[in-house]
Amino acid sequence: MTLWRVILMCAALLVIVNIQQAQAARSPGDYVVISYHDVVDSSVTPDLDIYSQTITRGRLVEHFNMLDVGGYQPVTLQQIIDAKAGGTPLPDKAVLLTFDDGYRSFYDIVFPLLKLYNFPAVQAVVGSWLDVPTGGQVPYGSITLPRERFLSWEQVRALDESPLVEIASHSYDLHKGVAGNPMGNEQAAAVTSIWNARSGYESEAAYIERIRDDMARTQQRFQEQVGRGPRIMVWPYGAYSQATLNIAAEYGMDYTFSLLSAPNQLSDSMSAMNRYLIDQETGLQTIEEILSNQLWENESLRIVHVDLDYVYDPDPIQQEQNLDKLIDRIYRYGVSTVYLQAYADPDGDGVADELYFPNRHLPVRADLFNRVAWQLKKRANVKVYAWMPVLSFDLGSGYQYVTDVRTGNESPDQYRRLSPFVQENRNTIREIYTDLGRMAKYDGLLFHDDAFFTDFEDANPEALVAYEEASLPRDINAIRNDDSLMDTWTRFRTEHLTDFTLELEKAADYYRQTDNKVFTTARNLYAITIMEPRSQRWFAQNMQNFASGYDFVAVMAMPYMEKAENPNEWLRSLAQRSLAQVNADQLVFELQAQDWRTQTPIPSEEMAQWVRILREEGIKHIGYYPDNFHQNHPDISVMRPVFSIGRRFRAIQ
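Residues numbered from 1 in each chain as written. Predicted model: local features only at pLDDT ≥ 70, side-chain atom pairs only at ≥ 80, totals over all residues. Heavy atoms only, no water.

A short note on the side chain of arginine 417
Among the secondary structure elements, arginine 417 is positioned in the loop between β23 (383-388) and α14 (423-439). According to the relative accessible area criterion, arginine 417 is buried, its value standing at 1%. Only 2.8 Å separates the side chain of arginine 417 from the backbone oxygen of phenylalanine 452, close enough to count as a polar contact. With sequence-adjacent residues up to four places away left out, arginine 417 is seen in contact with Leu391, Ser392, Tyr401, Val402, Asp450, Phe452, Phe453 and Glu457. (Helix = DSSP H or I, 4+ residues; strand = E, 2+ residues; numbered from the N terminus. Buried < 20%, exposed > 50% of the residue type's maximum accessible area, 1.4 Å probe, protein only. Polar contact = N/O pair within 3.5 Å; in protein donor to acceptor, adjacent residues only side chain to side chain. Contact = heavy atoms within 4.5 Å.)

Here it is in structure tokens:
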């Protein structure tokens, strides 16, 4: 054993006790995937430009040494596949090493280290970069790099012959940003319908064809240069969608890697495996936390509802100023999540007659949602939900809406809602959600509070047929006069609405960019259904049903809207009753920032007191609606001390 390796192993022993203590967080059959990029040896090339995710040879040796001393077991992808199929089990503390982008340093620096430690690894190459002629320049973001910084096909073949290396695709020519909206935001090419100032957005068909062409070209070049197509696709920037997963599988790439930071279980699908991104700042302690699954996450969510109607302005200069003001506020606030309105509702009636994203059914007030969501994600580092209606789309007279049995018409006292019992309506709404997923970047869905039926709805002919098929009378009045039938009818309509939202979730997620945040859903629930259980009949909403259907139940904890005589005690009671039915991890309490009875803002001090009360009662996830960033309401200096998530973290178990 060489002297330098002995020295580094001794250094690694300093952390071995902590590593062993942390192993309880790993479970049998799990595996962690690590993502490296370029590696430089500063003693050999001190003047070489260093880019993001680049690490030094010395730091890589430290990581490898800690793996070795700590008893971690680097494995091949085939070992994982075999273990999943019931073959030889994975060793304890299994780790899969991956290197992205096909840098020459993998051949010169990493490969000798892999042989020294007997560690297997995956190298992902970009086909179009390899095809750049010797002496040329490789397009690398907004700059170019010398062709010599990357592997040659000859070196790729040599690496592929080693049992320690598997060559993966990093796409043929998708490792780049493209214009994702008229404002020029660059977004990942694999998951973005390209905007062109002359021709507008790339069509759905053209987008699919472009991705298929890239996969086909990848397969062709691998066949020509390596003798077989790749079975692994490593998504550039970790960005993929269900659509791109399906296309990759069509071309033999059944195994793909993301950049979602989490361990993998053998029971998980291998269609998009999680990976931890490593850079020069990833020290031994962080590597230890990653490998032992002892990372930290925020213990609670702080959520702000943002109306895009507050951002929109017909003057593009003023609109950009509004956006900058919003981003600055959210960044300074210390919140985790924004529920961002994706539909236009300037009259405040809760019904969408225009949208803030391109779609095939409603006018676009402004192509704004993608722009604002992207800026919030990248500049304010928050998770963004698309806040969308379920049924309240005003599509004109050619569609059938929810009707009241007493009049045979729509109720003027309720939202205008498309009847979900009409297949044409369902298809149209699904297409709107599909368009949302293709044309915007977001991390979750908040279903608006419009998904309900009163105890006199829905009475259109298709709804009555659906009741009959569910062994209920077609006569709503007969149902209402029988308690047993009423319970069955309420349960049927509640489940029907939830099932429809799950269809919409799937539609919205098909083209949606998946990156480093888990896709989650929430649905608004009226507080009265908790405080007065019989009212579930009046709205066809049920807390347990919501808890089984969504990641979060968003309780509309709005005391003045509910005409509570004592708002503080009402909130305490609502919290206690909610926690008796649903785990705190699934509950979101949404406070009101506006008293709609008087059209006046709720004092910031009162809102801060409400947050204190909810926290005292054990409510973890708290938000409010609306945020008026123009008027600094609620006052950030008053709210931030009690509302910001700050540095409150918990260990991931």
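Overview of the packing of helix α22 (residues 604-616) against helix α23 (residues 636-643)
For the pair α22 and α23, the least separation of the axes is 9 Å and the interaxial angle reads 5°. Classed by the angle they form, the pair α22 and α23 counts as roughly parallel. Here Ser604, Glu605, Met607, Ala608, Val611, Arg612 and Arg615 of α22 come into contact with α23, specifically with Val638, Met639, Val642 and Phe643. Residue composition of the contact of α22 with α23, by class: seven nonpolar, one polar and three charged. (Axes fitted to C-alpha atoms, helices over the stretch in contact; angles between N-to-C directions. Parallel < 35°, antiparallel > 145°, perpendicular 65-115°, else oblique. Nonpolar A, V, L, I, M, F, W, Y, C, P; charged D, E, K, R; others polar.)

Some thoughts on the pairing of strand β19 (residues 302-306)
Of all five residues in β19, five are buried; the element is thus mostly enclosed. Of the two faces of β19, the one lined by Arg302, Val304 and Val306 and the one lined by Ile303 and His305 are each fully buried. Bridge analysis of β19 against strand β20 (residues 337-341) gives four bridges, and the strand direction is parallel. Within the sheet, the bridge partner assigned to histidine 305 lies in β20 and is tyrosine 339. (Pairing = 2+ DSSP bridges.)

Some thoughts on the side chain of lysine 93
As for its position among the elements, lysine 93 is in the loop between α4 (77-84) and β5 (94-100). One buried charge, lysine 93, has no salt-bridge partner; the nearest side chain with opposite charge is aspartate 92, at 7.7 Å. A polar atom in the side chain of lysine 93 sits 2.6 Å from the backbone oxygen of glycine 70. (Lys, Arg positive; Asp, Glu negative; His and termini not counted. Salt bridge = Lys/Arg side-chain N within 4 Å of Asp/Glu carboxyl O.)

Remarks on the pairing of strand β26 (residues 552-556)
The buried fraction of β26 amounts to five of the five residues, a majority that puts the element mostly inside the structure. Here β26 shows two buried faces, one formed by Phe552, Ala554 and Met556 and the other by Val553 and Val555. By the bridge criterion, five bridges tie strand β25 (residues 520-526) to β26 in an arrangement that is parallel. Its bridge partner being in β26, asparagine 524 is matched across the sheet by alanine 554. One ladder, built from four bridges, connects β26 with strand β27 (residues 587-592); its direction is parallel. For valine 555, the partnering residue across the bridge sits in β27 and is phenylalanine 589. Viewed along the sheet, the connection from β26 through helix α21 (residues 567-579) into β27 turns out right-handed. (Right-handed = clockwise from strand over helix to strand, strands pointing away.)

With respect to the packing of helix α12 (residues 316-333) against helix α13 (residues 369-379)
Where α12 meets α13, the closest approach of the two axes is 10 Å, and the angle between their N-to-C directions is 35°. In this structure, α12 crosses over α13, and the sense of that crossing is right-handed. Contacts from Glu320, Leu323, Asp324, Leu326, Ile327, Ile330 and Tyr331 of α12 reach α13 at Arg371, Val372, Gln375, Leu376 and Arg379. For the contact of α12 with α13, the residue count by class is seven nonpolar, one polar and four charged. (Left-handed = near helix turned anticlockwise from the far one by under 90°.)

Regarding the nonpolar core
With 112 residues, the main nonpolar core has Phe369 and Phe393 as its most contacted residues. Per-element accounting of this core gives the leading share, seven residues, to helix α17 (residues 483-510). Among the nonpolar cores identified, the runner-up in size contains 39 residues, and Met66, Phe111, Ala121 and Leu159 belong to it. (Core = buried A, V, L, I, M, F, W, Y, C linked by side-chain atoms within 4.5 Å.)

Describing the pattern of salt bridges
Counted according to the given criterion, the structure contains 36 salt bridges. Among the ionic pairs, arginine 416 bridges to aspartate 394, the shortest N-O distance being 2.8 Å. Pair noted here: arginine 416 is in the loop between β23 and α14 and aspartate 394 is in the loop between β23 and α14, with a separation of 22 residues, a long-range link. Measuring nitrogen to oxygen at the nearest pair gives 2.8 Å for the salt bridge that ties arginine 417 to glutamate 457. With arginine 417 in the loop between β23 and α14 and glutamate 457 in the loop between β24 (444-447) and α15 (461-469), the pair connects residues that are 40 residues apart, well separated along the chain. An identical accessibility class is assigned to arginine 417 and glutamate 457; each is buried.

In short, the description is geometric, and any link to function would need to be established separately.
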